[in-house]
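# An overview of the molecular structure
One-letter residues, chain by chain:
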Amino acid sequence: MLILKLQALFCFFPARSLDKLYNFADCSGLHLIFALNALRRNPNNSWNSSSALSLLKYSASKKYNISWELGNEPNNYRTMHGRAVNGSQLGKDYIQLKSLLQPIRIYSRASLYGPNIGRPRKNVIALLDGFMKVAGSTVDAVTWQHCYIDGRVVKVMDFLKTRLLDTLSDQIRKIQKVVNTYTPGKKIWLEGVVTTSAGGTNNLSDSYAAGFLWLNTLGMLANQGIDVVIRHSFFDHGYNHLVDQNFNPLPDYWLSLLYKRLIGPKVLAVHVAGLQRKPRPGRVIRDKLRIYAHCTNHHNHNYVRGSITLFIINLHRSRKKIKLAGTLRDKLVHQYLLQPYGQEGLKSKSVQLNGQPLVMVDDGTLPELKPRPLRAGRTLVIPPVTMGFYVVKNVNALACRYR
């Protein structure tokens, strides 16, 4: 499912704006999640839902198929707006929102997501704990946001640091621990991910280098059972977006497009001989060569069911060779290697696929994403500081033959 999320930052959201937004989402095949304003408060600090109810009634009258959320990063309310809301109160607010939705026929079973907390530091975990205790069963998925690094001090080489890439894994475990305490098995979504804070950094957040964090995020989340990630943002917000001001795709757009076309939802285990080293006491192994494997997307009619797609990140300054083994050894491989295009190197806002620059054919036509066939049995050669996708054709993998 493709998702478009909107946050209502103002007390009054014009009906005409909602009409335009919904029509855009509907025409684009997107499902809209609308985050209602949680900052309207009664004297006792409970949520004032009067304007939200008016919006819900209007939306219902138009039969808009929308999912709902309340607020954004509640852990920052005191800093940003001078009024704090604890987890218990936020849980009560969500129960109140659920009670508003249930009498409205079209929204009686609408999905509700939250609490959309920020980075899970100690105070944020306490807020999540209070929320889950009160309203854990009310939401359809628990949501949080992740930012990798301070956009005011980031440098291009920071995107190659394995320690930075691995910060997400620790955060996932913290969120899962709280959620599973109260609602074991509840879905968890990463509802906002940005490479750098403060709206991103020009010529870095929108560059090829930022793709290492983005692709690793997708692989790491899938490995840990999180199947929804919402990107900040598509257009016109800081420098973390996917297209520029003229709607030209940026590197992360091409990366996302290849991921959607080639990667299926089923995750496969990967073992690389010579890569997995035994950790020494007090030492964490942080690999610069990262390999993820999925069943190939069964909607991609270029590949039969049972094919496997690897996506590989090489952060080394030297090329790396990978020899496929076992049932993968003698299979034809299609390579989709993404490299920066132009003299800017890692800071480039353009990419090339297998040596060919990727550009739109016209305003409404994407270029053909042509693979480079590699002969059966050939060693995969991964150039330094690059990333790519490798479809191993006709493997007939049992795990990938069925949905």
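Our subject in this report is the structure included herewith. Quick caveat: nothing in here was measured; it's all calculated off a predicted structure.

### What to know about the packing of aromatic side chains
- All chains considered together, the criterion is met by ten aromatic pairs.
- On the basis of an interplanar angle of 85 degrees and a centroid distance of 5.4 Å, the ring pair of Trp-68 and Tyr-107 is categorised as edge-to-face. Pair noted here: Trp-68 is in strand E3 (residues 66-70) and Tyr-107 is in the loop between helix H4 (87-101) and strand E4 (112-117), with a separation of 39 residues, a long-range link. Taken individually, Trp-68 and Tyr-107 each receive the classification buried, so the pair is uniform in this respect.
- The rings of Tyr-259, Tyr-292, Phe-311 and Phe-389 are connected pair by pair, giving a single aromatic cluster.
- Sitting over the ring of Trp-214, Arg-231 keeps its end group 4.8 Å from the ring centre.

### Description of the pairing of strand E9 (residues 289-296)
- Within E9, eight of the eight residues are buried, which leaves it mostly tucked inside the rest of the structure.
- For strand E8 (residues 263-268) and E9, the ladder comprises three bridges, and the chain directions are antiparallel. Looking at the pairing, Leu-268 lines up with Ala-293 of E9.
- Where E9 meets strand E10 (residues 308-314), seven bridges bridge the pair, whose relative direction is antiparallel. Following the sheet pairing, Arg-290 is matched in E10 by Ile-313.

### With respect to the side chain of Ser-49
- Within the secondary structure, Ser-49 is located in the loop between strand E2 (31-36) and helix H2 (50-61).
- Relative accessible area serves as the criterion here: at 12%, Ser-49 is assigned to the buried category.
- Within the structure, the side chain of Ser-49 is placed 3.1 Å from the side chain of Gln-96, a separation counted as a polar contact.
- In this structure Ser-49 touches Gln-96 and Leu-100, once residues within four positions along its chain are discounted.

### Thoughts on H2
- If you check H2, its first and last C-alpha atoms are 17 Å apart, about what twelve residues at 1.5 Å a residue would give, namely 16 Å.
- Taken residue by residue, H2 has Ala-52, Leu-55, Leu-56, Ser-59 and Ala-60 as its buried positions. Summarising the axial view, the buried residues of H2 lie within an arc of 130 degrees, below the 170-degree limit, and thus occupy one face.
- Packing partners of the buried residues in H2 comprise helix H1 (15-27), E2, E3 and H4.
- Following H2 by one or two positions, Lys-63 has its phi on the positive side, about 60 degrees.

### Details of the pattern of salt bridges
- For the coordinates displayed, the defined rule picks out eight salt bridges.
- Residue Arg-41 is joined to Asp-93 by a salt bridge in which the shortest nitrogen-to-oxygen separation is 2.8 Å. One end of the pair, Arg-41, is in the loop between E2 and H2; the other, Asp-93, is in helix H4, and 52 residues separate them in sequence.
- For Arg-173, the salt bridge identified is with Asp-170, shortest N-O distance 4.0 Å. In this pair, Arg-173 and Asp-170 are both assigned in helix H7 (residues 167-182), three residues apart and thus about one turn of the helix distant.
- Ionic contacts of the salt-bridge type, sharing partners, join the residues Asp-170, Arg-173 and Lys-174 into one network.

### Looking at the state of the cysteines
- Going through the model one piece at a time under the given rule, you end up with one disulfide.
- Paired by a disulfide, Cys-295 and Cys-400 hold their sulfur atoms 2.0 Å apart. On the sign convention where negative means left-handed, the S-S torsion of about -80 degrees between Cys-295 and Cys-400 marks this disulfide as left-handed. Taken together, the residues Cys-295 in strand E9 and Cys-400 in the segment after strand E17 (386-392) connect sequence positions 105 residues apart. The residues Cys-295 and Cys-400 share a single accessibility class, namely buried.

### Describing unusual backbone geometry
- In this structure, Pro-115 follows Gly-114 across a cis peptide bond, with omega equal to 5 degrees.
- Along the chain, Pro-115 turns up in strand E4.
- Phi at Val-385 takes a positive value of approximately 50 degrees, unusual for a residue other than glycine.
- Of note, Val-385 is situated in the loop between strand E16 (380-382) and E17.
- For Val-385, a relative accessible area of 14% translates into the label buried.
- Of note, the phi angle at Asn-396 is positive, near 60 degrees, even though the residue is not glycine.
- Within the secondary structure, Asn-396 is located in the segment after E17.

The rules behind each value
Residues numbered from 1 in each chain as written. Predicted model: local features only at pLDDT ≥ 70, side-chain atom pairs only at ≥ 80, totals over all residues. Heavy atoms only, no water. Phe/Tyr/Trp six-rings, centres within 6.5 Å; stacked < 30°, edge-to-face > 60°. Helix = DSSP H or I, 4+ residues; strand = E, 2+ residues; numbered from the N terminus. Buried < 20%, exposed > 50% of the residue type's maximum accessible area, 1.4 Å probe, protein only. Lys NZ or Arg CZ within 6 Å of the ring centre and 35° of its normal. Pairing = 2+ DSSP bridges. Polar contact = N/O pair within 3.5 Å; in protein donor to acceptor, adjacent residues only side chain to side chain. Contact = heavy atoms within 4.5 Å. Expected span 1.5 Å × (residues − 1). Arc of directions from axis to C-beta. Salt bridge = Lys/Arg side-chain N within 4 Å of Asp/Glu carboxyl O. Disulfide = S-S within 2.5 Å.

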